[in-house]
Amino acid sequence: MHTTNSLRIALLAGWDSDEREISLKSGTAVEVALAQCGHRPLHLDPAIDAPARVFIMAAVIRICWPAGTRLWPVGLSSVVIGVAVFFLWIAPDHLISGYRDLWPFHNGIVGKASTSIPSESLLNPWVLGWRTVRAVVIVPIVEELFWRAWLMRWLIDRNFNRIPLGTYAPAAFWITAVLFAVEHGPYWDVGLLTGIIYNWWMIRTKSVADCILMHAVTNACLSAYVIATGQWQYWL
């Protein structure tokens, strides 16, 4: 699973209730991070590009971390769910030969399942290590701040700070799940199911930390699977 330019809006989760703008310095960092966190080509050596994306995104997250957000999850159930979602993510391709080549998952709208990592870097431990750090540490924080800490509340009330974390509203729940699916391109089917599960867990725990842990476990399992099996297409 990956992150896109949703980082810009994810940072809104760190704004005060008066919706003051972050400083010009922070804004500049955000603009750089937008290029770094997505998959747009930066024409850098992969050995430089891989750690640069991590450090820049980590710096922006640190600057804009939402005040008062609890850092520690409440239980290990998030780990179990994270592992279960990993198996959900790879199940269709194991159960149905050529599944991801079927038209709904391979077309001009959703694209095709292929990695953004240059072929010459696929066996480079340095690049793969930093790509794993990005997937396991950075992406879960950015995406959970965006999808479940911000968007699910913003869809209920534009002054989202008035809405407690984990508040359920049908429209917000399903719009967030569908958009989460769309973000994952050719994996939109498992992305939709994952979005439903992640949304449900936020409602159940009302904890950003638990959702980040769950998401991190899923991505850790997927990263280990990708490297062990060479199924690079999961790293879009």
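The structure contained in this document is the topic of the report that follows. Source: prediction; values computed, not measured.

1. Some details on the overall build of the protein
So, point 1. A tally of helices and strands in the protein yields 8 helices and 0 strands.
So, point 2. In the protein, which comprises 236 residues, the share counted as buried stands at 48%.
So, point 3. In the structure as shown, the protein presents an accessible area of about 11,300 Å², 68% of it carried by carbon and sulfur atoms.

2. Re the packing of aromatic side chains
So, point 1. A full pass over the atoms with the stated rule returns 19 aromatic pairs.
So, point 2. Considering the side-chain rings of Phe 86 and Tyr 225, the 5.9 Å spacing of their centres and the 65° angle between planes classify their relative orientation as edge-to-face. Remark: Tyr 225 occurs in helix H8 (residues 208–229) and Phe 86 occurs in helix H4 (residues 77–95); sequence separation between them is 139 residues. One exposure class covers both Phe 86 and Tyr 225, and it is buried.
So, point 3. Joined through ring pairs, the aromatic side chains of Phe 146, Trp 147, Trp 150, Trp 154, Phe 160, Phe 180 and Tyr 198 make up one cluster.
So, point 4. The ring of Phe 180 is capped by Arg 148, whose NZ or CZ atom sits 5.0 Å from the centre of that ring.
So, point 5. Positioned above the aromatic ring of Trp 154 is the side chain of Arg 158, whose terminal nitrogen or guanidinium carbon lies 4.1 Å from the ring centre.

3. Looking at the pattern of salt bridges
So, point 1. Per the counting criterion, the structure on display carries 5 salt bridges.
So, point 2. Glu 144 is paired through a salt bridge with Arg 148; the nearest N and O atoms lie 2.5 Å apart. Note that Glu 144 and Arg 148 are positioned in helix H5 (residues 125–154) at a spacing of 4 residues, about one turn of the helix.
So, point 3. Accessibility expressed as a relative area gives 0% for Glu 144, which makes it buried.
So, point 4. Note on Arg 148: relative accessible area 0%, which makes it buried.
So, point 5. Here Asp 157 and Arg 162 are joined by a salt bridge, their closest N and O atoms 2.6 Å apart.
So, point 6. Residue Arg 162 is classed as exposed on the basis of its relative accessible area, which comes to 56%.
So, point 7. Within this structure, Asp 93, Arg 100 and Asp 189 form a network of salt bridges that share partners.

4. Comments concerning the side chain of Asn 107
So, point 1. When you line up the elements, Asn 107 lands in the loop between H4 and H5.
So, point 2. Within polar-contact distance, the side chain of Asn 107 engages the backbone oxygen of Pro 104 at 3.4 Å.

5. Concerning the environment of Gln 233
So, point 1. Summarising the element assignment, Gln 233 is placed in the segment after H8.
So, point 2. When near neighbours in sequence (up to four residues on either side) are disregarded, Gln 233 contacts Ala 113, Ser 114, Thr 115 and Tyr 187.

6. Details of the packing of H5 against helix H6 (residues 170–183)
So, point 1. Direction vectors running N to C along H5 and H6 enclose 155°, while the axes themselves pass 10 Å from each other. Between H5 and H6, the angle falls in the class roughly antiparallel. Considering how the two elements wind past one another, H5 and H6 form a crossing that is right-handed. The residues of H6 that touch H5, namely those facing Glu 143, Trp 147, Arg 148, Leu 151 and Met 152, are Ala 172, Thr 176, Leu 179, Phe 180 and Glu 183.
So, point 2. For the contact of H5 with H6, the class distribution of residues is 6 nonpolar, 1 polar and 3 charged.

Reading guide: rules and limits
- Residues numbered from 1 in each chain as written.
- Predicted model: local features only at pLDDT ≥ 70, side-chain atom pairs only at ≥ 80, totals over all residues.
- Heavy atoms only, no water.
- Helix = DSSP H or I, 4+ residues; strand = E, 2+ residues; numbered from the N terminus.
- Buried < 20%, exposed > 50% of the residue type's maximum accessible area, 1.4 Å probe, protein only.
- Areas by Shrake-Rupley, 256 points an atom, 1.4 Å probe, with all protein chains shown as cover.
- Phe/Tyr/Trp six-rings, centres within 6.5 Å; stacked < 30°, edge-to-face > 60°.
- Lys NZ or Arg CZ within 6 Å of the ring centre and 35° of its normal.
- Salt bridge = Lys/Arg side-chain N within 4 Å of Asp/Glu carboxyl O.
- Polar contact = N/O pair within 3.5 Å; in protein donor to acceptor, adjacent residues only side chain to side chain.
- Contact = heavy atoms within 4.5 Å.
- Axes fitted to C-alpha atoms, helices over the stretch in contact; angles between N-to-C directions.
- Parallel < 35°, antiparallel > 145°, perpendicular 65-115°, else oblique.
- Left-handed = near helix turned anticlockwise from the far one by under 90°.
- Nonpolar A, V, L, I, M, F, W, Y, C, P; charged D, E, K, R; others polar.

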